[in-house]
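Report on the structure
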Amino acid sequence: MSEPSPLLPDPDAPATRKRVSVRGRLRNYFFTGVIVAGPLAITIYITWWCISLIDGWVKPLVPSAYLPDHYLPFSVPGLGLLIAFVALTTLGALTANLVGRSVVEFGEVLLARTPVISGLYRGLRQVFETLFSTSGTSFRTVGLVEFPVKGTWSIVFLSAPAGPDVQGALGSEHDHVGVFLPCAPNPTTGFFFYLPRAEVIELSISVDDAAKLVMSAGVIQPEDPQSRLQAMAAGLRAAQVGPAHPGSAPMPVRDRLDA
């Protein structure tokens, strides 16, 4: 009796096929668990890190007699974040009236007369006003530019138009706009340069979708909400089309709609 070839499966070895099947199933279960638990664990870690960081900044500024940690046997996480939120909201409300604006203007005059701090403060204030202004459009528009070579396209975020000095140096033939090109997978780093506005192709996707596209290196594509709703509706319709009795044919869509 000839021995089975090592290149062909042995029909008398069902245990081997079962062992491979179990191994593959366990591998699928493991990667499914990683997909489910990975983003959740990273989100919890980053959130906890931010809360701990703000607590470490704010709590030392508050007298211990006013902190519940002084009376409780455990520390209350997020208290510093809550205090910072209330303090910043109160500061914004006070700045909105005449007295608050006068105090802020007086402080800005003092800072403007300080040699080194004045330039740093003005630059940081312009950055914060640009990023957090509700009426601004900087970094709220996504576009495509040909970079790094002709025929290759990269995602960019449109910044402010070129100032008078930059526009004058580049010439008045084209209107130039500043663009920020993020690097994958870390979109907080990248390149900033000016381009003629005609060379930028604006996209109708959100900044969040563009950031996901960059961070995932193109794996996570932007989804159209209307297409997602249509797919969900199609799935519900397909589930309702199922036969009422085993072996019976499904009801046609037109007849079901008429019913």
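Note that the structure is predicted; figures quoted are calculated from it, not measured. (Residues numbered from 1 in each chain as written. Predicted model: local features only at pLDDT ≥ 70, side-chain atom pairs only at ≥ 80, totals over all residues. Heavy atoms only, no water.)

**Quick notes on the overall build of the protein chain**
What the protein chain contains, in helices and strands, is eight helices and five strands. Looking at the protein chain as a whole, 15% of its 259 residues qualify as buried. A separation threshold of at least 6 residues defines the contact pool for the protein chain, and within that pool the share at least 24 residues apart is 34%. (Helix = DSSP H or I, 4+ residues; strand = E, 2+ residues; numbered from the N terminus. Buried < 20%, exposed > 50% of the residue type's maximum accessible area, 1.4 Å probe, protein only. Contact = heavy atoms within 4.5 Å.)

**Concerning the UniProt feature "transmembrane region" (unreviewed entry) in the protein chain**
The sites that carry the UniProt feature "transmembrane region" (unreviewed entry) are, in the present numbering, residues 29-54 and 74-94. In this annotation, residues 29-54 is assigned 100% helix and 0% strand; the end-to-end C-alpha distance for the span is 38 Å. Across residues 74-94, the secondary structure splits into 76% helix and 0% strand, with the terminal C-alpha atoms separated by 34 Å. (UniProt positions renumbered as here; feature names shortened; annotations may be inferred.)

**Some details on the pairing of strand 2 (residues 153-161)**
In terms of strand pairing, strand 1 (residues 142-146) meets strand 2 through five bridges, oriented antiparallel. In the sheet register, L144 faces strand 2, and the bridge partner there is I155. Joining the antiparallel neighbours strand 1 and strand 2 is a turn of six residues, in which G151 adopts a positive phi near 95 degrees. (Pairing = 2+ DSSP bridges.)

**Description of the pairing of strand 1**
The two faces of the sheet receive side chains in turn, since in a regular strand these alternate between them. Note that strand 1 and strand 5 (residues 201-203) share three bridges and pair antiparallel. Opposite V142, over in strand 5, you have L203 as the bridge partner.

**Examining the pattern of salt bridges**
Applying the stated criterion across every chain yields a total of one salt bridge. Here K150 makes a salt bridge to E146, at a shortest N to O gap of 3.1 Å. Look at K150 and you get exposed, because its relative accessible area is 74%. We classify E146 as partly exposed; its relative accessible area is 33%. (Salt bridge = Lys/Arg side-chain N within 4 Å of Asp/Glu carboxyl O.)

**Examining the nonpolar core**
Grouped together as the largest cluster of nonpolar side chains are eight residues: V145, V156, L158, V177, V179, L181, L195 and V200. Taken together, the elements giving at least two residues each to this core come down to strand 2 and strand 3 (176-182). When sequence neighbours within four positions are dropped, the list of residues in contact with V179 reads V156, F157, L158, S159, F191, F192, F193, L195 and V200. Counting residues in hydrophobic clusters, the runner-up holds seven residues, among them V142, F180, A210 and L213. (Core = buried A, V, L, I, M, F, W, Y, C linked by side-chain atoms within 4.5 Å.)

**With respect to the sheet that holds strand 2**
Strands belonging to one sheet form pairs held by backbone hydrogen bonds; the direction of such a pair is parallel or antiparallel. With antiparallel pairing, the five strands of this open sheet are ordered in space as 4-3-2-1-5. Across the chains shown, the open sheet's two edge strands, defined by having one partner strand only, are strand 4 (190-196) and strand 5. Here the strands of the sheet are splayed against their neighbours by 40 degrees on average, with no regard to which way each runs. Along the sheet, helix 6 (residues 207-215) makes contact with strand 1, strand 2 and strand 3, crossing strand 2 at roughly 140 degrees. (Axes fitted to C-alpha atoms, helices over the stretch in contact; angles between N-to-C directions.)

**Some points on the environment of S154**
Note that S154 resides in strand 2. Taking the relative accessible area as the measure of exposure, S154 reaches 15% and is therefore buried. C-alpha separation for the pair S154 and P182, spaced 28 residues apart in sequence, amounts to 8.9 Å. With sequence-adjacent residues up to four places away left out, S154 is seen in contact with G143, L144, V145, F147 and L181. Reaching out from S154, the side chain makes a polar contact with the backbone oxygen of F147 at a distance of 2.8 Å. (Polar contact = N/O pair within 3.5 Å; in protein donor to acceptor, adjacent residues only side chain to side chain.)

**Notes on the packing of aromatic side chains**
Applying the stated rule across the entire model yields four aromatic pairs. Ring geometry for F30 and F31: centres 5.5 Å apart, planes at 70 degrees, overall edge-to-face. Through pairs of rings, three or more aromatic residues link up here, namely F147, F191 and F193. (Phe/Tyr/Trp six-rings, centres within 6.5 Å; stacked < 30°, edge-to-face > 60°.)

**Thoughts on unusual backbone geometry**
Between F147 and P148 the backbone carries a cis peptide bond, its omega angle lying at 5 degrees. Assignment of secondary structure puts P148 in the loop between strand 1 and strand 2. The omega angle of the peptide bond from A184 to P185 is 5 degrees, so this bond is cis rather than trans. When you line up the elements, P185 lands in the loop between strand 3 and strand 4.

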